[in-house]
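# Results of the structural survey
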Amino acid sequence: MFKHLLKGVVLMSAVATTSLQAATRDVIIDTDPGADDVVALLLAMASPEDLNIRAITTVAGNVRLDKTSRNARLAREWAGREDIPVYAGAGRPLVRKPIYADDIHGREGLEGVKVHEPKQGLAQGNAVQYLVDTLSHAEPHSITLAMLGPQTNLALALIQKPEIAKSIKEVVVMGGAHFNGGNITPVAEFNLYADPHAAQVVLASGVKLTYVPLDLTHKVITSEARFKQLAAINNQASQRVVDILDAYVKHDMDLYGMPGGPVHDASVIAYLIKPELFSGRRAHLEVDSREGPTFGQTVVDWYAVLKRPANVLWLNEGDAQGFFDLLSERLARLQ
Ligand code: BDR
Ligand code: CA
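Just so it is clear, the model here is predicted, and its values are computed rather than measured.

Moving on, we get to the environment of Tyr130. With respect to the secondary-structure elements, Tyr130 resides in helix H6 (residues 127-136). As for Tyr130 and Asn153, which are separated by 23 residues in sequence, their C-alpha atoms are 9.9 Å apart. Those residues in contact with Tyr130 that lie beyond four places of it in its chain are Ile28, Arg54, Ala55, Thr57 and Tyr87.

The final tally for this structure, using the stated rule, is 6 aromatic pairs. Plain terms: the ring middles of Tyr87 and Tyr130 are 4.3 Å apart, the flat faces sit at 20° to each other, and that makes the pair stacked. With Tyr87 in strand E4 (residues 86-88) and Tyr130 in helix H6, this residue pair connects regions lying 43 residues apart in the sequence. Neither Tyr87 nor Tyr130 differs from the other in exposure class; each is buried. With a centroid separation of 4.9 Å and 90° between ring planes, the pair formed by Phe323 and Phe324 is classed as edge-to-face.

With that settled, the discussion passes to the UniProt feature "domain: Inosine/uridine-preferring nucleoside hydrolase" (unreviewed entry) in the protein chain. Mapped onto the present numbering, the UniProt feature "domain: Inosine/uridine-preferring nucleoside hydrolase" (unreviewed entry) falls on residues 27-325. Summarising residues 27-325: 37% helix, 18% strand, and an end-to-end C-alpha distance of 22 Å.

Here the calcium ion (ligand 2) is held by Asp32 (OD), Asp37 (OD), Asp37 (OD), Leu148 (O) and Asp265 (OD), and the distances to it run 2.2 to 2.6 Å. Counting gaps between the donor residues of the calcium ion (ligand 2) yields the pattern D-x4-D-x110-L-x116-D. Remark: Leu148 occurs in the loop between strand E5 (143-147) and helix H7 (152-160) and Asp32 occurs in the loop between strand E2 (25-31) and helix H3 (35-45); sequence separation between them is 116 residues. Given a relative accessible area of 0%, Leu148 falls into the buried group.

How each quantity is defined
- Residues numbered from 1 in each chain as written.
- Chains lettered and ligands numbered in written order.
- Predicted model: local features only at pLDDT ≥ 70, side-chain atom pairs only at ≥ 80, totals over all residues.
- Heavy atoms only, no water.
- Helix = DSSP H or I, 4+ residues; strand = E, 2+ residues; numbered from the N terminus.
- Contact = heavy atoms within 4.5 Å.
- Phe/Tyr/Trp six-rings, centres within 6.5 Å; stacked < 30°, edge-to-face > 60°.
- Buried < 20%, exposed > 50% of the residue type's maximum accessible area, 1.4 Å probe, protein only.
- UniProt positions renumbered as here; feature names shortened; annotations may be inferred.
- Donors = N, O, S within 2.8 Å, 3.2 Å for Na, K, Ca; no water.

Right, here's the structure in full:
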């Protein structure tokens, strides 16, 4: 029985870990900042030895596209990484009516800090076209996509040119919920609910997919000690992260009665930098887009009862202190 349960559980071997860490990954970060998106972006931009960020692409999600695009540029300015282009993408989901999460992230998509118009603007061109062009010219399996919001941009790119899938090394998605229950409906997580049709397109493309769902992010939460740890870094970046998280985590702490709050999107970046902090299982996933109470639900066949081939790695465990140690170490490098 025990053996059966362990079947399929992914334990990162020392060898796999070393080879992953040795190479710098080429990554495109697709995002809808968003409080936790900004923390994720700072963590990524402070980690050049692990992540070669080719571009940041923005999508409407937590707030409207103009605001997510401004906030992505703000994060870039705060990290001193104006070398990274920011492309704006889809302003609305593929099919469903747009929804936003400004009740949680605030009217500007970022609370706890002052927002301003950053000095450097957007890159010329649309994010979807950028994805199509870049992936069309890339080596096979060479580019990782970190998806921190609704998956609309990547879905549109795959619809426009399905062959680009072969240039993708891995797509790591923050989204979904199986064991945890949802955060926007009883069963759906926000990013999947905001554009389930896009998630279906990405799933059907056959790319290597890793999901970072609420099952995991609700185990990697803040605490008073972790806030103190971040504050002790005592630079502008850490102060901003403390202020942003202080405003952000209250909502989930109240809703779920948890002693701390998740920093969802930052776990995607931490997984790309230190996969050994996380574990999960390969499983078959289906995304529900039927109107009704299960709209946006991620149905994970955790025990392989349907005997269908696994199509995702579903992460459900994370080393919370390891995550905050990594975040602290990397933020200390910024101004
Ligand atoms: C996800 O939804 C957004 O509100 C957050 O930025 C995160 O990507 C969590 O459900
Ligand atoms: Ca997000």
